[in-house]
Amino acid sequence: MPNLVSGWETMIDIIHELEWRGLLADCTDLDELQKRLSAGPVTLYCGFDPTADSLHVGNLVPLLALRRFQLAGHRPIALAGGATGLIGDPSGKSAERNLLTHEILQANIQGVSSQLSRFLDFEKTENPALLLNNADWTAPVSFLDFLRDTGKHFSINMMVQKESVKSRMEDRASGISYTEFSYMLLQAFDFQVLQKDHNCDLQIGGSDQWGNITAGIDLCRKKNARPAFGLTLPLITNADGSKFGKSVDGAVWLDPARTSPYRFYQFWINTDDRDVIKFLKFFTFLDRDQIAELEKLHEENPGRREAHRRLALEMTTLIHGEAAAEESIKASQILFGGGLEGITESIFREIAGEVPTCKVQKSEFEGDGRSMVDLLVDAGLCPSKGQARKDIQAGGIYLNNIRVTDPAAAVASSDLLFDKFLLLRKGKKNYVVVSVE
RNA sequence: GGUAGGAUACCCAAGUGGCCAACGGGGGGAGACUGUAAAUCUUCUGGCUUUGCCUUCGCAGGUUCGAAUCCUGCUCCUACCA
């Protein structure tokens, strides 16, 4: 069956690819979809509502799935929800949300769109990706036209049976507004428009999108008289039961201004042992052999954490680029106890951006220098001088990653790095950078 | 309203005239081991100008050379009785 389209011979079987990665949660008609995908390039889409000015790691699974489809020779459409974002998707939400203002939404669309565009190839000749905004075709439609042309095809009886609506209707306390109730129609409208205008026959999304996707398929059948497919990706769960995508500082964002590359790297390296192979399959583009090799290494010696390192490296490189990934690794080595030999000022400044900083006057270090105990209290590492002394005696205090043993020690200007920094550490991972002015 | 009991450090909880900055457990800090894991072990856990000093045992007074501990009053809690 080769030669339908040039380059088609090399197309990989995306369904089997997703299946072994564990990325196939559900599909409206797997056999038929498989046939369509094998017969030639299929156009597919996935929507991302701009609820914030950046996407987060939780958005990666569907986003990378679009990329996987493109690599397999299909045509992905990344859809920014300029219209749907105004309304708010009730799926998976237990309570009504506040509406975003038009200004915030506009800024969010900007941010999200630029991120979406980085993962797809828009220049490819055979199957270039598309970036669209559903406000473009939704905003011009009048309310009356929408009710007549689209609303008419929806039965309330069916809509209230959808899980996202049903759970909210049963909860008398939160309820659901007419606005959010209508969300499903807008998303269905998107699918129908995309099928009509862009031959888009497949929608993918998280498993919580099932109801919205099937609503769209129904609308496609009714208005376009053309079959459409839905495929959902699994919800990512952590083995320890916590919510995926959260670190101690909150959500892990793709925007480096919100989550630094270093923290992003740390997020992945801290993956639970039980999840690491699963995540390599979910998130990376490593092939079966490479992952099998990492799995073998992980089982032989989990302590070396080869799989974790590779996962963190792959993900940081994918999102932030090679240079940032390298710097994150170096910063990690230093912040986890490595010596400061050979450190450059630029790497130190990277580190300074990751840990609390405190400013001290240069004059403090003249003469006999500043007492270590006082400095620890000023830096906020120790709550009292007594505690600071105890910590030093317990061997828990480090200056520039060298253990301090004398509770009466003083810090002099000669200890300054680059003539203006000190790296203070208490215990394994409490760092403060002291910067001298 | 009556009777009985209680209020101790971040939490639980011993202590009932000097040996009490106050047992023990939890939580937390640090150390060892380790894999930036888990478990385990050690150690610290009121403050300071730290071989000592100061402030703490519901609040306010009092007795005493000396009080978390005894007395008086107050506040709050719990139980049983009305």
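Fair warning: this is a prediction, and the values are worked out from it, not measured in the lab.

Report on the overall build of chain A, specifying residues and quantitative values.
Counting its secondary structure elements, chain A contains 20 helices and 15 strands. Dimensions of chain A, computed from the C-alpha atoms along their principal axes, are close to 85 × 50 × 35 Å. Classification of the 437 residues of chain A by burial places 48% in the buried group. The long-range fraction of contacts in chain A, counting pairs at least 24 apart against all pairs at least 6 apart in sequence, stands at 73%. Working note: accessible area of chain A is about 21000 Å², and carbon and sulfur atoms make up 50% of it. Positive and negative charge centroids in chain A, built from 48 and 59 side chains respectively, lie 3 Å apart.

Any details on the sheet that holds strand β1 (residues 26-27)? Residues and values, ideally.
Taken together, the six strands give an open sheet; going across it, the order is β1-β6-β5-β2-β3-β4, and neighbouring strands pair in mixed fashion. Of all strands in the sheet, those bounded by a partner on one side alone are β1 and β4 (130-133).

Tell me what's going on with the environment of D31, and back it up with residues and numbers.
Its location among the elements puts D31 in helix α2 (residues 30-39). Each C-alpha atom of the pair D31 and I15 lies 10.0 Å from the other, and the pair is 16 residues apart in sequence.

Can you lay out the nonpolar core for me, pointing to particular residues and giving the numbers?
Core analysis: the largest hydrophobic core is formed by 57 residues, its most contacted members being I204, W268 and F283. It is helix α3 (residues 60-71) that provides the largest number of residues to this core, a total of seven residues. Of all hydrophobic cores here, the second largest spans 25 residues; its members include M159, V193, L194 and A215.

Report on the layout of surface pockets, specifying residues and quantitative values.
Its boundaries defined by the atoms lining it, the second largest pocket holds a volume of some 1200 Å³. Taken together, 45 residues line the second largest pocket, and the ones lying closest to its centre are Y262, Q266, F267, N270 and F336. If you list the elements that add at least two residues to the lining of the second largest pocket, you get β7 (246-247), β8 (250-251), α13 (261-269), α16 (306-320), α17 (322-335) and β15 (430-436). The greatest single-element share of the lining of the second largest pocket, amounting to seven residues, is contributed by α13. For the lining of the second largest pocket, a count of residues per class yields 20 nonpolar, twelve polar and 13 charged.

For the protein's contact with RNA strand B, give the residues involved together with the corresponding values.
Around RNA strand B there are 25 residues in total, and Q266, D273, G303, R389 and N430 lie nearest to it. At 3.3 Å, a side-chain N or O of S384 approaches a phosphate oxygen of RNA strand B. Contact distances for RNA strand B include 2.7 Å between a base oxygen and a side-chain N or O atom of R389. When contributions to the surface near RNA strand B are tallied by element, the ones reaching two or more residues are α13 and α20 (385-393). Per element, the largest residue contribution to the surface near RNA strand B is five residues, and it comes from α20.

Which residues make up helix α15 (residues 288-300), and what values do they have?
With 13 residues, α15 should cover 18 Å at 1.5 Å per step; its first-to-last C-alpha distance of 18 Å lies within 8% of that length. In this fold, the buried residues of α15 make contact with α1 (14-21), α14 (276-283) and α16. Looking at where α15 begins, the residue whose side-chain oxygen comes 3.1 Å from the main-chain nitrogen of D289 is D287.

Tell me about the pattern of salt bridges, and name the residues and values.
All chains considered together, the criterion is met by 21 salt bridges. One salt bridge connects R274 with D272, and the closest N-O pair in it is separated by 2.9 Å. Residue class for R274 comes out exposed when judged on its relative accessible area of 56%. Exposure remark for D272: the relative accessible area of 23% places this residue in the partly exposed category. Its salt-bridge partner being R349, residue E345 comes within 3.1 Å of it at the nearest N-O pair. With E345 and R349 both in helix α18 (residues 345-352) and four residues apart, this pair spans about one turn of that helix.

Can you explain the packing of aromatic side chains? Please cite residues and give values.
Counted according to the given criterion, the structure contains 15 aromatic pairs. Consider the rings of F267 and W268, whose centres lie 5.0 Å apart with planes at 80°: the pair is edge-to-face. With a centroid separation of 6.2 Å and an interplanar angle of 80°, the aromatic rings of F282 and F283 are classed as edge-to-face. For F282, a relative accessible area of 7% puts it in the buried group.

I'd like to hear about unusual backbone geometry, residue by residue, with values.
At N199, a residue that is not glycine, the phi angle is positive and equals roughly 55°. Relative to the helices and strands, N199 resides in the loop between α11 (183-198) and β5 (200-206). In this structure N199 comes out as partly exposed when scored by relative accessible area, which is 44%. Phi is positive for D419, close to 65°, though the residue is something other than glycine. Turning to its location among the elements, D419 is positioned in the loop between β13 (410-411) and β14 (421-426).

Please give an account of α2 that cites residues and values.
Among the residues making up α2, those that are buried are L33, Q34 and L37. Across the axial projection of α2, the buried residues extend over an arc of 105°, all falling on one side. Among the exposed residues of α2, those pointing more than 90 degrees away from its buried face are D31 and K35. In the stretch just after α2, G40 is the one whose phi turns positive, near 155°.

Account for a nonpolar patch on the surface, naming residues and giving values.
Residues F143, L144, L147 and Y178 make up a contiguous nonpolar surface patch of about 480 Å² in total accessible area. Sorting elements by how many residues they give to the nonpolar patch places helix α7 (residues 143-149) first, with three residues. Mapped onto the fold, L144 is located in helix α7. Taking relative accessible area as the criterion, L144 reaches 61% and is therefore assigned exposed.

Cut-off values and rules
Residue positions are given per chain, counted from 1 along the sequence in the order it is written. Lettering for chains starts from A, numbering for ligands starts from 1, and both go in the order in which the items are written. Where totals are concerned, whole chains, interfaces and linings use all residues; where local detail is concerned, this predicted model gives features only for residues with pLDDT of at least 70, and gives and counts side-chain atom pairs only at 80 or more. Heavy atoms from the whole structure form the basis of all side-chain values; hydrogens and water molecules are not counted. Only DSSP runs of H or I reaching four residues or more are called helices, and only runs of E reaching two or more are called strands; each is numbered from the N terminus. Exposure is judged per residue with a 1.4 Å probe applied to protein chains only, and the accessible area is read against the type maximum: over 50% gives exposed, under 20% gives buried, and values in between give partly exposed. The contact definition used throughout considers only heavy atoms, calling two residues in contact when any of these lie within 4.5 Å. Here the Shrake-Rupley method, with its probe set to 1.4 Å, supplies the accessible areas, and only the displayed protein chains count as covering residues. His is not counted here, nor are the chain ends, while Lys and Arg score as positive and Asp and Glu score as negative. We put the charge of a Lys on NZ, of an Arg on CZ, of an Asp on CG and of a Glu on CD. Paired strands, in this sense, are two strands between which DSSP finds at least two bridges. The set of buried Ala, Val, Leu, Ile, Met, Phe, Trp, Tyr and Cys residues whose side-chain atoms join them within 4.5 Å is what this entry labels a nonpolar core. Only protein atoms enter the calculation, which uses a 1 Å grid: trapped sets of points that fit a 1.4 Å probe without letting it out are cavities, open sets showing protein on both sides within 12 Å along at least five of seven lines are pockets, and any residue with an atom within 4 Å of a point is a lining residue. Grid points are joined across faces, edges and corners, and a volume is the space filled by probe spheres set on the points. Residue classes follow a fixed rule: Ala, Val, Leu, Ile, Met, Phe, Trp, Tyr, Cys and Pro count as nonpolar, while Asp, Glu, Lys and Arg count as charged, and any other residue, Gly among them, counts as polar. The cutoff for a nearby residue is simple: one of its non-hydrogen atoms must lie within 4 Å of the molecule or strand. A 3.5 Å cut-off defines polar contacts: any pair of N or O atoms within that distance qualifies, except that in protein one atom must be a possible hydrogen donor and the other a possible acceptor, and neighbouring residues in sequence count only when both atoms are side-chain atoms. To estimate how far a helix should reach, multiply one less than its number of residues by 1.5 Å. Each reported salt bridge corresponds to a side-chain nitrogen of Lys or Arg within 4 Å of a carboxyl oxygen of Asp or Glu. Any pair of Phe, Tyr and Trp rings, taking the six-membered ring for Trp, is counted once the centres come within 6.5 Å. Such a pair is stacked with planes under 30 degrees apart, edge-to-face with planes over 60 apart, and tilted for the rest. This arc is built from the directions going out from the helix axis to the C-beta atoms. A patch consists of residues whose relative accessible area exceeds 30% and which take part in no salt bridge; residues with like charges are grouped when within 9 Å of each other, and nonpolar side chains (Val, Leu, Ile, Met, Phe, Trp, Tyr) when within 5 Å.

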